[in-house]
Amino acid sequence: MERTLVLLKPDAVQRGLIGTILARFESKGLKLVGLKMRTFDRALLEQHYEVHKERPFYASLVEFMSSGPVVALCLEGKDAIAVVRTLVGKTNAREAAPGTIRGDFGMSFSNNLVHASDGEDTAEFELGLWFADSAELSDWNPADLEWRYSVKEELA
Ligand code: CMP
């Protein structure tokens with residue numbers, strides 16, 4: 001099983017889309033392992049977006065992400081990183097395919113509703129940052145886990 005970080009950005013919160021977006025991940029079969037909501041400080045956002053430090057949109061991105069409440073999620077599942085990226089869609093929401101979260105709910109490049117880790121190393125780094133206290137992550141087994149996956153092929 002793999003874990004990934006998802007952020008529901010201030011635009012998703014302001015537009016009342018937390019439940020709708022969360023439902024996409026839950027109904028797909030991903031397991032919610034961590035969830036918290038607050039206005040996070042700039043220092044955390046600067047670390048999170050360190051990789052974009054030299055990009056022209058870096059300052060406004062950090063400003064936007066620290067401007068209001070964000071919901072941070074840790075999701076778990078087989079190939080969770082790739083599965084979540086597929087559900088989220090292309091970065092520019094105007095180009096994102098219908099059926100994806102950005103494709104169905106967004107019109108912006110910057111206000112693109114969701115952030116999702118883009119690889120194994122990134123997920124490890126980002127989860128360490130946003131859920132540094134492992135007590136904030138719940139290890140639990142959905143009662144229907146053996147129906148979400150093939151026991152013989154995927155849970156052995
Ligand atoms: P996210 O997945 O959070 O990762 C980096 C973010 O930077 C991205 O989503 C966008 O919100 C933003 N971003 C990336 N490229 C651009 C761009 N060219 N112009 C504006 N914002 C961008």
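Residues numbered from 1 in each chain as written. Predicted model: local features only at pLDDT ≥ 70, side-chain atom pairs only at ≥ 80, totals over all residues. Heavy atoms only, no water.

Some words on the site of the ligand
The condition is simple: Throughout, the term near means that a residue has one or more heavy atoms lying within 4 Å of the molecule or strand in question. N or O atoms within 3.5 Å of each other form a polar contact, as long as, within protein, one can give a hydrogen and the other can take it, and as long as residues adjacent in sequence are counted only when both atoms are side-chain atoms. Charged means Asp, Glu, Lys or Arg here, nonpolar means Ala, Val, Leu, Ile, Met, Phe, Trp, Tyr, Cys or Pro, and polar covers whatever is left, Gly included.
The environment of the ligand is formed by Lys9, Tyr49, His52, Phe57, Leu61, Thr91, Arg102, Phe109, Ser110, Asn112 and His115. Measuring from an oxygen atom of the ligand, one finds a side-chain N or O atom of Asn112 at 3.2 Å. Contact between the ligand and His115: an oxygen atom at 3.1 Å from a side-chain N or O atom of the residue. Considering only residue class, the shell around the ligand consists of four nonpolar, five polar and two charged.

Side note on the environment of Val84
As a reminder, the rule being used: Helix and strand labels come from DSSP, where a helix needs a run of H or I of at least four residues and a strand needs a run of E of at least two; each type is numbered from the N terminus. Contacts are assigned to residue pairs that have any heavy atoms within 4.5 Å of one another.
One can find Val84 in helix α5 (residues 80-88). Between the C-alpha atom of Val84 and that of Gln14, which follows or precedes it by 70 residues, the distance is 22 Å. Excluding its chain neighbours within four sequence positions, the residues that come into contact with Val84 are Thr4, Val6, Phe25, Leu30, Leu75 and Ala116.

As for unusual backbone geometry
Phi at Asp79 takes a positive value of approximately 50°, unusual for a residue other than glycine. Residue position: Asp79 is located in the loop between β3 (70-77) and α5. Even without glycine at this site, Leu113 takes up a positive phi of about 70°. Structurally, Leu113 can be placed in the loop between α6 (101-105) and β4 (114-116).

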